[in-house]
Amino acid sequence: MQQLIRVARTLGEDVTRSRLIGYRLPCLCAGQRSGGAAWILARGGATGGDRGIACLAALSETHQILQKTCRDFANAELAPRARHHDREELYPAEQVRRLGELGLLSVAVKEEYGGSGLDYQAYAIGMEEVARGDAAVSIVMGVNNLFLGAVQQHGTEEQKRDFLVPYTQGDHIAFYALSEPGNGSDAGAASTTAKQEEDGYLLNGTKAWISNSKEASGGLVFATVDKALKHKGITAFLTPKDVEGLSIAKKESKMGMRASSTCQLVLEDVQVPRSLVLGAPGDGFKIAMQSLDCGRIGIAAQATGIAQAALELAVDYSQKRIAFGKQLSRMQLIQQKLAEMATRVETSRLLTWRAAWLKDNGMPITKEAAMAKLHASEAATYCAHQCIQVLGGMGYTTDLPAELYYRNARVTEIYEGTSEIQRIVIANAVLRELGRE
């Protein structure tokens with residue numbers, strides 16, 4: 001809390017609650033941790049005018065300060081540089097360092113390990129605001145938090161000291177190496193092998209689509225100790241990037257998120273001591289699935305931020321552009337688009353914050369995180385598309401960021417589980433809950 005107030009003041013902002021306007025609506029969820037928690041709409045100044053933020057459970061003062069601080073940071077330091085970083089494919093090193101100063105690279109990590117000591121509600125708030133400014137920067141934030149969450153939950157004290165503390169402040173960032181060239185959505189079909197030796201394991205294989213890998217100092221590598229065991233043989237290894245035998249291969253040239261590096265990792269006889277096995281041998285698939293549930297909260301928040309940015313741009317342009325003697329915003333077809341965009345943004349935010357609230361209260365989130373990720377990612381693509389339609393020819397140029405929002409939005413329907421996989425996850429959960437089988 002004190003860290004957030006200090007950082008907010010460095011941005012020149014008064015963070016007293018009198019600057020925030022809120023009102024409560026009837027409680028729609030029983031059994032909330034805070035007892036009197038209710039649905040709340042907190043308003044604050046954003047570029048282009050005030051906007052509403054709806055959430056499940058009343059926002060605490062800490063969450064309100066965090067939201068305001070992240071929004072100001074995004075407006076001042078992320079959005080103005082986003083298109084330049086995208087065009088030149090430049091890694092935003094200075095902005096990542098500032099993320100570390102804000103505590104956004106380790107939101108839910110305990111303070112004793114150098115983290116912010118907050119919760120997943122805070123993580124969702126921060127991810128949305130950062131993505132609203134520059135979605136590529138939010139990838140760095142998301143992957144680092146994903147890695148740290150796994151280490152905090154499953155690591156030994158020695159592992160936490162070596163792989164939590166150095167990765168919280170922005171001096172070092174992490175990768176999360178699960179995907180491979182041939183396994184796609186089938187995370188249990190890992191072909192990277194971990195051969196057991198007297199002193200540890202020997203890793204061989206190739207990992208694909210690994211975010212942060214070019215700039216990272218280390219991370220988590222998933223490999224199988226026995227292919228015959230399928231997903232039960234997958235094991236998670238904490239791996240420094242400077243270890244002998246690990247190299248960065250192809251850097252992908254991508255449609256969007258171009259300021260975030262995505263590369264292949266090649267492991268050739270990489271020796272990893274037993275002390276760097278995260279959890280127990282064979283626990284890797286379980287660790288990955290638990291981490292991805294939390295990661296999908298982050299992707300949902302990221303997608304909501306992109307959708308919010310697209311909505312704000314569409315509203316701003318529609319009020320300034322004159323056609324047929326009146327503002328575009330006064331035309332019913334444009335109003336219909338804005339209404340649908342706004343509704344999808346708000347429902348995405350509610351689903352995302354609901355999943356975060358469940359996580360913070362120790363409840364299962366697999367279905368809810370999948371719902372949030374599915375809805376928010378498709379809402380981001382929809383809103384970015386409609387933003388381009390509202391802007392017309394200007395939306396197709398690089399003079400305005402509408403096309404950037406669209407390019408960035410598309411990947412949110414693909415990584416950390418495609419929309420098709422999310423529908424399978426949701427359907428399986430519903431059949432277990434309501435079916436007779």
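Residues numbered from 1 in each chain as written. Predicted model: local features only at pLDDT ≥ 70, side-chain atom pairs only at ≥ 80, totals over all residues. Heavy atoms only, no water.

Draft legend 1. Focus on the overall build of the protein. Counting its secondary structure elements, the protein contains 11 helices and 13 strands. In the protein, which comprises 437 residues, the proportion classed as buried is 55%. Expressed as a percentage of contacts within the protein between residues at least 6 apart in sequence, the contacts between residues at least 24 apart total 72%. Per element, the accessible surface of the protein, about 18800 Å² overall, is 52% carbon and sulfur. (Helix = DSSP H or I, 4+ residues; strand = E, 2+ residues; numbered from the N terminus. Buried < 20%, exposed > 50% of the residue type's maximum accessible area, 1.4 Å probe, protein only. Contact = heavy atoms within 4.5 Å. Areas by Shrake-Rupley, 256 points an atom, 1.4 Å probe, with all protein chains shown as cover.)

Draft legend 2. Spotlight on helix α8 (residues 332-360). In a regular helix each residue adds 1.5 Å, so 29 residues correspond to 42 Å; α8 covers 42 Å between its end C-alpha atoms and thus fits that length. Looking at the residues trailing α8, positive phi occurs at G362, about 70°. (Expected span 1.5 Å × (residues − 1).)

Draft legend 3. How the structure looks around the pattern of salt bridges. Within the structure shown, the criterion is met by 24 salt bridges. Notably, a salt bridge pairs E413 with R410, separated by 3.0 Å at the nearest N-O pair. (Salt bridge = Lys/Arg side-chain N within 4 Å of Asp/Glu carboxyl O.)

Draft legend 4. How the structure looks around the pairing of strand β7 (residues 218-224). In terms of burial, β7 is a largely internal element, 7 of the 7 residues being buried. As defined by bridge partners, strand β4 (residues 174-177) adjoins β7 across 4 bridges and the pair is classed as parallel. Each residue of the ladder has a partner; that of A174, found in β7, is G218. Relative to strand β8 (residues 234-240), β7 is paired through 7 bridges, and the arrangement is antiparallel. Residue pairing across strands places L220 opposite L238, the latter belonging to β8. (Pairing = 2+ DSSP bridges.)

Draft legend 5. Main features of the confidence of the model for the protein. Residues with a pLDDT of 70 or more make up 86% of the protein, whose mean pLDDT is 88. Confidence drops under pLDDT 50 across residues 8-50; counting only partners more than four residues distant or on other chains, this segment forms 86 contacts. (pLDDT = per-residue confidence, 0-100.)

Draft legend 6. Inspection of the environment of K241 at higher detail. With respect to the element layout, K241 can be found in the loop between β8 and β9 (246-251). On a C-alpha basis, the gap between K241 and A216 in space is 7.2 Å, while along the polypeptide they are 25 residues apart. Residues in contact with K241, not counting those within four places in the same chain, are F175, S213, K214, E215, A216, S217, G218, L246 and I248. Among the polar contacts listed, one links the side chain of K241 to the backbone oxygen of K214, at a separation of 2.6 Å. (Polar contact = N/O pair within 3.5 Å; in protein donor to acceptor, adjacent residues only side chain to side chain.)

Draft legend 7. Seen up close, a negative patch on the surface. On the surface, E197, E198, D199, E268 and D269 cluster together into a patch of negative charge. Looking at the element boundaries, E198 is found in the loop between β5 (193-196) and β6 (200-211). Judged by its relative accessible area of 73%, E198 falls in the exposed class. (Patch = residues over 30% accessible without salt bridge, like charges linked within 9 Å, V, L, I, M, F, W, Y side chains within 5 Å. Lys, Arg positive; Asp, Glu negative; His and termini not counted. Charge placed at Lys NZ, Arg CZ, Asp CG, Glu CD.)

Draft legend 8. The environment of M363, seen in detail. Relative to the assigned elements, M363 resides in the loop between α8 and α9 (366-391). Ignoring anything within four residues of it in the chain, the contact list for M363 reads W357 and L358.

Draft legend 9. The packing of helix α2 (residues 61-88) against helix α4 (residues 120-133), seen in detail. Running from N to C, α2 and α4 point in directions that differ by 25°, and their axes come no closer than 7 Å. Classified by the angle between their axes, α2 and α4 sit roughly parallel to one another. In this structure, the crossing between α2 and α4 has a hand that is right-handed. The residues of α4 that touch α2, namely those facing H63, L66, Q67, C70, R71, A74, N75, L78, A79 and A82, are Q121, A122, I125, G126, E129, V130, R132 and G133. Classifying every residue of the contact of α2 with α4 gives 9 nonpolar, 6 polar and 3 charged. (Axes fitted to C-alpha atoms, helices over the stretch in contact; angles between N-to-C directions. Parallel < 35°, antiparallel > 145°, perpendicular 65-115°, else oblique. Left-handed = near helix turned anticlockwise from the far one by under 90°. Nonpolar A, V, L, I, M, F, W, Y, C, P; charged D, E, K, R; others polar.)

Draft legend 10. Representation of unusual backbone geometry. A positive phi is found at E89, a non-glycine position, where the angle reads about 55°. Checked against the element boundaries, E89 lands in the loop between α2 and α3 (93-102). Exposure remark for E89: the relative accessible area of 27% places this residue in the partly exposed category. A positive phi is found at W209, a non-glycine position, where the angle reads about 60°. When its relative accessible area of 54% is taken as the criterion, W209 is described as exposed.

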